[in-house]
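Inside the fold
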Amino acid sequence: MIEREQSMGWLITRRFFKHKLAGIAIGVLAILVFASALAFVAPYSPTDQEPTNSFQKPGIQHWFGTDELGRDIFTRILYGSRVSLTVGLLSTFLSIAVGVIVGALSGYFGGWIDTILMRITDAFLTLPTIFVLILLAGFLREQQVPWLQNSVLVVIIIIAALSWMWPARLVRGLFLVLREREFITATRALGGSHLRIIVQHILPNCIGPILVSGTLQMASAIITESGLSYLGFGVQPPTPTWGSILSTAQNQVFRAPWIAFYPGLMIFITVMAINYIGDGLRDAFDPYVIHAD
Amino acid sequence: MRTYALRRIAQSIPILFIISVMLFFMVRSAPGGPLTAARRNPNISKEQIQALEEKLGLNDPLPVQYGRWLHDMLSGNLGDSIKFHRPVNEMIAERIPNTLLLVGISFLVTLIAAIPIGVWSARKPYSKFDYSMTTVTFIGQSIPVYWLGLGLIIIFYVTIKNPVTGNPFFPVGGMNTQGRSGDVLDLLWHLALPVTALSLGWIAWYSRFLRSSMLDVLHEDYVRTARAKGAADNVVYYKHALRNAILPLVTLIALDLPSLFAGALFVETIFSWPGMGRLFWDAAKGRDYPVLLGVVMITAVLIIVCNILADLAYGWLNPQVKYD
Amino acid sequence: MKLKLLTLFVVLGLILSACGGGAQSSGGQTVTLIIPEEPTTLNFFMADAAIVRQVAEATAMTGLATIDENGNYVPVLAQELPTLENGGLSDDYQTVTWKLKEGLKWSDGEAITSDDVRFTVEVLSNPGSGALVGTSGFDAIKSIETPDDLTTVLTYSEPYPGYLDQFAYGLYPRHATGEPSDMANWEWNRNPVGAGPFVVSAWTSGESITLTKNPNYYEEGKPYIDSLVFRIVPEPAAQTAMMLNGEAQFQLWPGEFKADYDKLLKGKATQHLIPGIWNMAIDFNLSAPFDGDPTAETPHPILGDIRVRQAIASAINYQSLQQDVLKGSVTDSTNPFAYGWYQCDLPRKFGYDVDKANQLLEEAGWVMGDDGIRVAKGAMYAEDGTRLSLELQGYTAFDPLQLTEEFIVENLKAVGVEARIQNYDFSIIFGTYEDNSPRAIGDYDMLIFDRGFTTEPQGYNFDAYHSSRIPTAENPTGGNYFRWVNPEVDKALEVAGSNFDIQTRKDAYCTVGQAVIDDMPQVYLYLFQDNYGVADNLEGYVLSTWGSMSWGAQNWKYK
């Protein structure tokens, strides 16, 4: 059994790296994570200012130029990527966790549990996302609860709060099919507990699709965070994120286009890489795929 | 089908009710409220503000305020804007056509581009065309809308100019050139950049989706049969395969509507498009809660209506579906 | 592929611009003005936002008098200003006589009469009208007489020093408005009949407001321009791009600094800076925060010692903040009385001096810790070992404020003081006692924000500095958020509030200003300037601290 699982994992990994661009994307993302983890070796600090040296063009001294306070944008982007990636990762994780629970309960038990949970899911799917994100961001930050004053946390929570419906629907769909499969009915007949069946027998079979949809969610979470920060409702200064650096650049688009360009480029590259990884995963888990090469 | 539609409408009423309660308390329980800006103005005395709060009924208990709002809303009245002193109905009615125009045209452009791309990519998967389309669509999908919008302004409004007249190729502000309102060509000209910014990401998303759903369908027996019978490629792809592949797309589109409105908010702000997103945005900054709630409720209703329409379209496209 | 797309796009643009755009032949001269948001109304007295006046001043805000660019009152619809010399102001200062010019007409052709002045007083003295600004002094008018169509005699219950200012923001026509108590719903608010140079001809919600020449404007041959189009453009980059392409001639509050703007728009437009009204300062909480006690009883463990406040003031590099960070878009300011007739030019007592700051902190018993932040060792109120760490509260989504905060954090770090930025939403920072706004309940260390302008300063300053105005549960509307108690200041404020003589009042305010500098409940940083971008081919405009973008639009013309 163990041997089989290993070979299964190996097969998927091999299939994944057959998708060349997905392989490259993994590399790009790894470099990014590595670089942001090592941000402290950068010659500048993200907060050190040199006001007389503001709006420097990108050059050897400052690779991505400097901002209005004379801070090194490259360094700020490195530190910013920590926050942006954390927001993307944690909000995806949270949303999938909620989604899996709702979807699994709904799909496994069906009946009135399914009806109620799916009504709630539908209600959430009807919400005009961006409007509610803005309202929620304001609402949570106004609660004057100390831990909600951490804008990073608020952004993670609200993104998850408005995206768990997608994995929930996905997982429910998978459970509806899988619970009728023979090995499940057999286990049930043998008296396996519900929890055990859900966690040990059905869920492992859903991992592929969940991973694929997780990449999509993470890509969109990163874009959402940057959009919220751009509108001023996301992560607050002095914490740098790609979106918040971009938002301070709004007034300087002509004077210092690089302040807007590089954070945007980082978002673009990251999201692109994540999308390719998702594509690779889809291929890896999809039994039909035949590669041309 | 009619009973089905009616049932769907009936089902959506509790959903709207839940949404209305959630939103109302979220918006109204925040401290500060619509008079915050006035509070900061040293020319306005605290007594004046208190009198105004009293007049607007902002001091009543929240459930009472909610009851009043719900009652008015059910009789078709969304209240008056605190800032504009105008009926919210009227303000929304001015903006809805503009947003629907922007979103509608973007949507049309999206479908016109995404369907051929999706079909062609699926026809020769892993071909050069497919790979380059994957790349192009991934690019489209990975650019933040507002960043793309800014870029479009800089490229087509500031950098590249018409060599003959020296004027920019595309305008950026509003819906019409001054003094040319009602001119359709002028309107299209003003729509070009906002529509591009809004639809690029969606073209990517739908063409990818269509490609994979086409590939699924192409594995099905009936397509293989059709092929074995010697049907022409075009017939196979467009008649048999596309018809079935497009079904899940219809459902997806309905689910994606909320995000389409989200993109519209950014595009409307960047291109000064007078739509609902901007109305909401201004109201959010000024805490004009009757407008806020009105816009969100109306958008939710719009989304539900589109969802029902999508379901009906699904049935129309796929006669196998029976509405019990 | 990308190239093809681009080509397709350009061709499409060519075709559409050939048949669509191009010539703007609407007849006559138009000036396009860019505003970042839509005014909620054109009724100045009902507005809490500065944007309203930017548009309204071109149409409905022409009154009996106005304030010129030098801060002096000049007559507009009135023949002359009522003074003691010409008998318009009685010897006891309680009777004011206004005389209208002859032959004045509203924009709809009806005559402007003294009855309209009476109506204006009726509206603005009606507490149920919903008027928010400019209402002060109207309740002091106890009787109005209109002996003829041109003359209005106002009798005040007590001398009111702002008797000119009251009538500098426009009159209401009785025949074209409605009931005073129903002012919020007047149609007039969006399409006013006024005495100004322009009238509203179209208002497209969210897009533009078009004004055309008032045919009945009182100055012969004016305005020179046929129409003004206010375009609502929220995106800063799009605004400046429109100026760049000559699509607009007037830009309100450009985001670019002057030097950059002028360089970018060389030969097309220039940015003008005029003294503004927003005065930026850091407020200190002199009382212990987060102790559940809003009164001034227990001193703040760190800021209660004046030497620490002086050290903070000495650590800030004002010159660099104003010139390098904000690129000269602001001017120096040292005290609350920075403009108007009550302006006090008082020198800074603690300028930028890092050595001095360090020395003061050493004296106050704060020694450098291992991590570069000082800790208490024999400090006045703080227990030994307390870190010199303070919260700096501001409000969100205002770039210059954020830059200032981030700059000050670094300045303070250099002398071993840690400042932690904590920005709240507008509604929290300026919220009420009942809403637990931190400044109202005294839960803050340092608060940074910009405060605005009042023509009549007594109300606001009494509320901010008098010791009886410390906010507590019994006194929730109080505005002395510093918890500052200074008997000398209390006395000066009482003098300023009970005297009519301008010089006496000004001296009293300057006493308060000096006490702010000496006692340091707050440190003033700078005064914003208002900035406007104006096309180089426009002339005849005068930008004034006391007016808005469209003030004096009747004098504009193209070169």
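Residues numbered from 1 in each chain as written. Chains lettered and ligands numbered in written order. Predicted model: local features only at pLDDT ≥ 70, side-chain atom pairs only at ≥ 80, totals over all residues. Heavy atoms only, no water.

Here we look at the state of the cysteines
Residue and element names in this part refer to chain C.
- Overall, the coordinates contain 1 disulfide over all chains when judged by the stated rule.
- Bridging cysteine 344 to cysteine 510, the disulfide has an S-S length of 2.0 Å. Taking the torsion about the sulfur-sulfur bond, which here is approximately -95°, the covalent link between cysteine 344 and cysteine 510 counts as left-handed. Taken as a pair, cysteine 344 in the loop between strand E12 (330–332) and helix H8 (354–363) and cysteine 510 in helix H14 (residues 502–519) lie far apart in primary sequence, 166 residues in all. Each member of the pair, cysteine 344 together with cysteine 510, is buried. (Disulfide = S-S within 2.5 Å. Helix = DSSP H or I, 4+ residues; strand = E, 2+ residues; numbered from the N terminus. Buried < 20%, exposed > 50% of the residue type's maximum accessible area, 1.4 Å probe, protein only.)

A look at the packing of aromatic side chains
- Under the criterion given, the structure shown has 47 aromatic pairs over all chains.
- Seen from their ring centres, tyrosine 108 of chain A and phenylalanine 109 of chain A are 4.9 Å apart, and the 90° between their planes marks the pair as edge-to-face.
- Among the residues examined, tyrosine 108 of chain A registers a relative accessible area of 5% and is labelled buried.
- Residues phenylalanine 131 of chain A and phenylalanine 280 of chain B carry aromatic rings whose centres are separated by 4.2 Å and whose planes lie at 20° to one another, so their mutual orientation is stacked. Linking phenylalanine 131 of chain A in helix H5 (residues 129–141) with phenylalanine 280 of chain B in helix H11 (residues 276–286), this pair reaches from one chain into another.
- Sitting above the plane of the tyrosine 289 of chain B ring, arginine 28 of chain B keeps its charged end 4.2 Å from the centroid.
- For lysine 557 of chain C, the ring lying beneath its charged end belongs to tyrosine 224 of chain C, and the centroid distance is 4.5 Å. (Phe/Tyr/Trp six-rings, centres within 6.5 Å; stacked < 30°, edge-to-face > 60°. Lys NZ or Arg CZ within 6 Å of the ring centre and 35° of its normal.)

Here we look at the packing of helix H6 (residues 151–161) of chain A against helix H10 (residues 207–231) of chain A
Residues and elements named next belong to chain A.
- Here H6 crosses H10 at 125°, and the two axes come no closer than 11 Å. Considering their axes alone, H6 and H10 lie oblique with respect to each other. Crossing hand, H6 versus H10: right-handed. Facing Val155, Ile158 and Ile159 of H6, the residues of H10 in contact are Ala221, Thr224, Glu225 and Leu228. (Axes fitted to C-alpha atoms, helices over the stretch in contact; angles between N-to-C directions. Parallel < 35°, antiparallel > 145°, perpendicular 65-115°, else oblique. Left-handed = near helix turned anticlockwise from the far one by under 90°. Contact = heavy atoms within 4.5 Å.)

With respect to the interface of chain B and chain C
- Contacts between chain B and chain C engage 55 residues on the former and 66 residues on the latter.
- For the pair chain B and chain C, the summed buried surface comes to about 5400 Å²; carbon and sulfur atoms form 60% of the total.
- Taken together, chain B and chain C are joined by 1 salt bridge.
- For glutamate 38 of chain C, the salt bridge is made with arginine 95 of chain B, and the minimal N-O distance between the two is 3.3 Å.
- Viewed at the interface, chain C and chain B are joined by 9 residue pairs in polar contact (both at pLDDT 80 or more).
- When the residues that make up the side of chain B that touches chain C are grouped by side-chain class, the tally is 25 nonpolar, 17 polar and 13 charged. (Buried area = accessible area lost by both parts, 1.4 Å probe. Salt bridge = Lys/Arg side-chain N within 4 Å of Asp/Glu carboxyl O. Polar contact = N/O pair within 3.5 Å; in protein donor to acceptor, adjacent residues only side chain to side chain. Nonpolar A, V, L, I, M, F, W, Y, C, P; charged D, E, K, R; others polar.)

Notes on the pattern of salt bridges
- In this structure the tally under the stated criterion is 32 salt bridges over all chains.
- Here arginine 53 of chain C ties to glutamate 57 of chain C by a salt bridge, and the two come within 3.1 Å at their closest N and O atoms.
- Salt bridges linked by common partners bring Asp67, Arg71 and Arg76 of chain A together with Glu406 of chain C together as one network.

Quick notes on the sheet that holds strand E4 (residues 95–99) of chain C
All names here are of chain C.
- Pairing in this open sheet of 3 strands is antiparallel, and the strands run E4-E6-E5 from one edge to the other. A single partner strand is all that each edge strand has here, and the edge strands are E4 and strand E5 (141–145). Neighbouring strand axes in the sheet, compared pairwise and without regard to direction, differ in orientation by 20° on average.
- Two elements, E5 and strand E6 (residues 151–156), share 4 bridges in a ladder whose sense is antiparallel. Opposite serine 143, over in E6, you have threonine 155 as the bridge partner. (Pairing = 2+ DSSP bridges.)

Let's talk about the confidence of the model for chain B
Residue and element names in this part refer to chain B.
- Put simply, chain B has an average pLDDT of 83, and 95% of its residues get 70 or more.
- The lowest-confidence element of chain B is helix H2 (residues 36–40), averaging 69 in pLDDT; the highest-confidence one is helix H5 (residues 88–123), averaging 90.
- The ipTM for the predicted assembly is 0.87, set against a pTM of 0.88. (pLDDT = per-residue confidence, 0-100.)

Some words on the side chain of aspartate 463 of chain C
- Inspection of the secondary structure assignment puts aspartate 463 of chain C in helix H12 (residues 458–465).
- On the accessibility criterion, aspartate 463 of chain C (15% relative accessible area) is buried.
- Here aspartate 463 of chain C is in contact with Lys46 of chain B together with Arg469, Thr477, Gly478, Gly479 and Asn480 of chain C, once residues within four sequence places are set aside.

Looking at the nonpolar core
- Residues Ile134 of chain A together with Trp98, Phe167 and Leu228 of chain C are the most contacted members of the largest nonpolar core, which totals 257 residues.
- The biggest single contributor to this core is helix H10 (residues 233–270) of chain B, with 19 residues.
- Shared between two domains, this core takes at least three residues from each, and those domains are domain 1 (2–42 + 196–268 + 536–558) and domain 2 (62–188) of chain C.
- Counting 84 residues, the second-largest nonpolar core is a separate cluster that includes Leu303, Val308, Ala419 and Ala440 of chain C. (Core = buried A, V, L, I, M, F, W, Y, C linked by side-chain atoms within 4.5 Å. Domains from an automatic or database assignment.)

Side note on the interface of chain C and chain A
- With 31 residues of chain C at the contact, the number on the chain A side is 27 residues.
- With both sides pooled, the region where chain C packs onto chain A buries about 2500 Å², and carbon together with sulfur makes up 52% of that total.
- Looking only at chain C, the three residues that lose the most surface to chain A are Asp399, Glu406 and Glu410 of chain C, adding up to 18% of its buried area.
- The interface formed by chain C and chain A includes 2 salt bridges.
- Here glutamate 406 of chain C and arginine 71 of chain A are joined by a salt bridge, their closest N and O atoms 2.4 Å apart.
- If you look at where chain C meets chain A, you find 5 residue pairs in polar contact (both at pLDDT 80 or more).
- Within the residue set of the side of chain C that touches chain A, elements represented by two or more residues are helix H4 (236–244), helix H5 (258–264), helix H7 (318–325), helix H9 (399–413), strand E16 (418–424) and helix H10 (426–429) of chain C.
- The element that contributes the greatest number of residues to the side of chain C that touches chain A is H9 of chain C, accounting for 7 residues.
- Of the residues belonging to the side of chain C that touches chain A, the class tally is 11 nonpolar, 9 polar and 11 charged.

A short note on unusual backbone geometry
- The step from lysine 222 of chain C to proline 223 of chain C runs through a cis peptide bond, and the omega angle for that step is -5°.
- Note on placement: proline 223 of chain C falls in the loop between strand E8 (208–213) and strand E9 (227–232).
- Not every positive phi belongs to a glycine, and phenylalanine 55 of chain A is a case in point at roughly 55°.
- Take phenylalanine 55 of chain A: it is sitting in the loop between helix H2 (20–37) and helix H3 (73–109).
- The class for phenylalanine 55 of chain A is buried, based on a relative accessible area of 4%.
- Backbone geometry at serine 272 of chain B places phi at a positive 50°, although glycine is not the residue there.
- In this structure, serine 272 of chain B sits in the loop between H10 and H11.
- Here serine 272 of chain B falls in the buried class, since its relative accessible area comes to 1%.

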